[in-house]
Amino acid sequence: MDREIGVGRTSPSMVRRSASLLWRWGAGGGKSSLHSHLRWAGFFFVLPALIHLVIFKFYPMLQAFRLSFFRYDLMSPPVFTGLENYKLLWENPLFHQSFWVSVKYMFGVSIPEWFFALGLALLLNRRMPGRAVIRLAYFFPIAMSQIVVAMVWKFMYHPFGLVNTILETFGIGRINWLSMEESALPALIAIGIWRGIPLFGVIYLAGLQAIPKEYHEAAVIDGAGVFQRFFYVTIPLLLPTIMFVMVLSLLSAVKVFLNPLVMTEGGPNGTTRVLPYFIYETGFAFFRMGEAAAASMVLFVFLFGLTLIQLRLLRRGGVE
Amino acid sequence: MGEVLLEDLTKDFGEVVAVKEVNLMIHDGEFVVLLGPSGCGKTTTLRMIAGLEEITSGRILLDERVLNDVHPRDRDIAMVFQNYALYPHMSVYKNMAFGLKMRKVAKDEIDRKVKSAAGILGIETLLGRYPGKLSGGQRQRVALGRAIVRDPRVFLFDEPLSNLDAKLRVQTRVELLKLHQHLAATSIYVTHDQVEAMTMGDRIVVMHEGVIQQVGPPMEVYQNPANQFVAGFIGSPSMNFLPATVRFEAGRTFLEGAGFRIPLPAERASGLQGREGGEVVFGIRPEDMRLGSEGEIEGAVEIIEPVGSDIFLDLNVGGASLTARVESSVRMSQGEHVRLHADPARVHAFDPETGETLV
């Protein structure tokens, strides 16, 4: 009987058996051929991802870490210089400027994203006609290639582009968005927000839909109004999602590179030279690979620290 | 006070009519059970009373006040949900206090009420815990506590015992009844479990396809079902139904079919007037038959199910299946031919077309 069921669909006993096999394998107790077979099968399933991770992630990271202690210009052999690169960075005003540009960009993009994306998700979570079409439309910005987005926005920000044409109809003069120190970074931030909202909106939406409607109904009967339900029911139950969105949005914002490269080349006057662009420029324009690697390490430590803080908050904010 | 009146209450979801012209008066302090299979409209009716579902037509009145356009918050009604709906991020205390807090009740008053309700339910020690750390039974009590602290005029229960295991369900059923006696508040209880309905309700409202089939005290509904649906839905094992023909012979009325010929007492046969030779559905409950060599029903034993206190016999009567309850001392073997005597006072007959009760 068991066997019969096992062929067509997964029976509870089959799940139990598999779980016990896996457990014993994990505990190192497996001796039979089935156990060793399982062990190898599992290993081979993970292998491609493992190879990718080692070759394309861990190895370059380790190499960058090593390189950060060398002077290297891609022509002559690397020379060990100890902490010289870190000292150079510390003394380099451009690095400081880049760091703060990155911080500004990161929070400038992320914070509005958290709120707008939540607003969008709340809107899309309501019953309304054509909801599926609207959801799809909002998701389009993510589906577009990043380089295409950068090019299109570059044209839109052009003194004779769409943005200025629209502003002109409101009586606001033409602005050379990407060439002015005051407006270049905000212009890039606006694109970042525009592109991030749908992605994080969809994540929020999934979080909202995972909240059983009974909680809201119980709150309605308990006498909670719309705002009270939002603050006492929706927000606490959405907290894990909110934390996830916060981590993800900050990390993705700080890694921005293509938009400054295509649209401003870090200018004007370094006001859009975010850290990844600084690293690229130092390494591949000035051929100071060691210094670029050291800057990468600083960025890595910064992101790592930020993630740790947020994961801690996430654990604390987690629902009991 | 807590007198609820449903007047021509109707709810449709587009083409589907979930509740159809329900009329029902629920008296103050009464425990009324809405009973029926899934999709019969019982939960929709309850949700309309709670204000969670809009009313398509008809009226709901609580103590003569029309509730149709009253916000759920202002209806003075508390509800216990099937899955309890306890806020997972709030302690038991906060869960119970939430409704009062939203109504801006003073803190010390909230404290007094929560502790008093916790005392009634025996959950004082759980107040600091979170719902995730509670057992099913404990959650159930907290959900009740959340309703009690509000001191509402009407309690609504949406299958509150269905998530508990069988033993706990019986235990909680008794406790709920005690609680009802203690609080004496109007309670409307939805369930698909007829045992729950029979044991708990002052009155049972049997619903089917959005329509009330019968309203009455449990034993009345059990003994005098209004139609074949009610007869079949209430009782476990359910009533036996066998196709039969009406015969009048020598001034007596008989229900005749393959393997049985039941004489009906004259005072019970009036519903069959003018149906001579007509088809009806003969109905008899398993416990309304007894073994006897003179019995009017003859069948072969197919399955013997001893349940401890009794034995259920599954018989083949003229090709149809019939369940009879016999004493546990009876010894039977499979394939044996037996005769059963049907209690004439407990014999039912239904119209095969409409299901309406004839006898």
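Predicted model only: the values in this text are computed from it and were never measured.

Asker: Can you walk me through the overall build of chain A in this structure?
Answerer: What chain A contains, in helices and strands, is 14 helices and 2 strands. The buried share of chain A, reckoned over its 320 residues, is 28%. Long-range pairs, those at least 24 residues apart, make up 67% of the contacts in chain A between residues at least 6 apart in sequence.

Asker: Can you help me understand the sheet that holds strand S8 (residues 186–191) of chain B in this one?
Answerer: Strands pair in a sheet through their backbones, by hydrogen bonds, and they do so in one of two ways: parallel or antiparallel. Residues and elements named next belong to chain B. With mixed pairing, the 6 strands of this open sheet are ordered in space as S6-S7-S8-S3-S9-S10. The open sheet has two edge strands with one neighbour each: strand S6 (77–80) and strand S10 (211–216). Between one strand and the next, the sheet's axes are offset by a mean angle of 20 degrees, whatever the strand orientation. For strand S9 (residues 203–208) and S10, the ladder comprises 5 bridges, and the chain directions are antiparallel. By the bridge assignment, Ile-204 is partnered in S10 with Gly-216.

Asker: How should I be thinking about unusual backbone geometry in this particular structure?
Answerer: Residues and elements named next belong to chain B. Between Ser-236 and Pro-237 the backbone carries a cis peptide bond, its omega angle lying at -5 degrees. By secondary structure assignment, the location of Pro-237 is in the loop between helix H8 (228–233) and strand S11 (240–249). For Asp-8, which is not glycine, the phi dihedral falls at a positive 45 degrees. Mapping Asp-8 onto the fold places it in strand S1 (residues 4–13). Even without a glycine there, the phi angle at Lys-104 is positive, about 60 degrees.

Asker: What's the story with the interface of chain B and chain A in this structure? I'm lost.
Answerer: Put simply, an interface is often sized by how much accessible area is lost when its parts join up. In this complex, chain B contributes 19 residues to the contact, which on the side of chain A involves 15 residues. At the level of secondary structure, the elements contributing two or more residues to the side of chain B that touches chain A comprise S6 and helix H2 (92–102) of chain B. Taken together, the residues of the side of chain B that touches chain A sort by class into 13 nonpolar, 4 polar and 2 charged.

Asker: How do you make sense of the environment of Pro-37 of chain B when you look at a structure like this?
Answerer: Within the element layout of this structure, Pro-37 of chain B appears in the loop between strand S3 (31–35) and helix H1 (42–50). Remark: the alpha-carbon pair of Pro-37 of chain B and Thr-191 of chain B, spanning 154 residues in sequence, is separated by 8.5 Å.

Asker: Is there a simple way to think about the domain arrangement of chain B in this case?
Answerer: Residue and element names in this part refer to chain B. Domain annotation of chain B identifies domain 1 (4–233) and domain 2 (240–350). The C-alpha-based centres of domain 1 and domain 2 are spaced at 39 Å. Residue-level contacts link 4 residues of domain 1 with 5 residues of domain 2. Of the residues that constitute the side of domain 1 that touches domain 2, the class distribution is 1 nonpolar, 3 polar and no charged.

Asker: Got a minute to help me understand the sheet that holds strand S5 (residues 65–66) of chain B in this structure?
Answerer: Residues and elements named next belong to chain B. The strand order across the open sheet formed by 4 strands is S2-S1-S4-S5, and the pairing between neighbours is antiparallel. The open sheet has two edge strands with one neighbour each: strand S2 (16–26) and S5. Across the sheet, H1 touches S1, S2 and strand S4 (57–62), and the angle it forms with S1 is around 115 degrees.

Criteria and cut-off values
- Residues numbered from 1 in each chain as written.
- Chains lettered and ligands numbered in written order.
- Predicted model: local features only at pLDDT ≥ 70, side-chain atom pairs only at ≥ 80, totals over all residues.
- Helix = DSSP H or I, 4+ residues; strand = E, 2+ residues; numbered from the N terminus.
- Buried ≥ 20, exposed ≤ 12 C-beta atoms within 10 Å, placed from the backbone.
- Contact = placed C-beta atoms within 7 Å.
- Pairing = 2+ DSSP bridges.
- Axes fitted to C-alpha atoms, helices over the stretch in contact; angles between N-to-C directions.
- Nonpolar A, V, L, I, M, F, W, Y, C, P; charged D, E, K, R; others polar.
- Domains from an automatic or database assignment.

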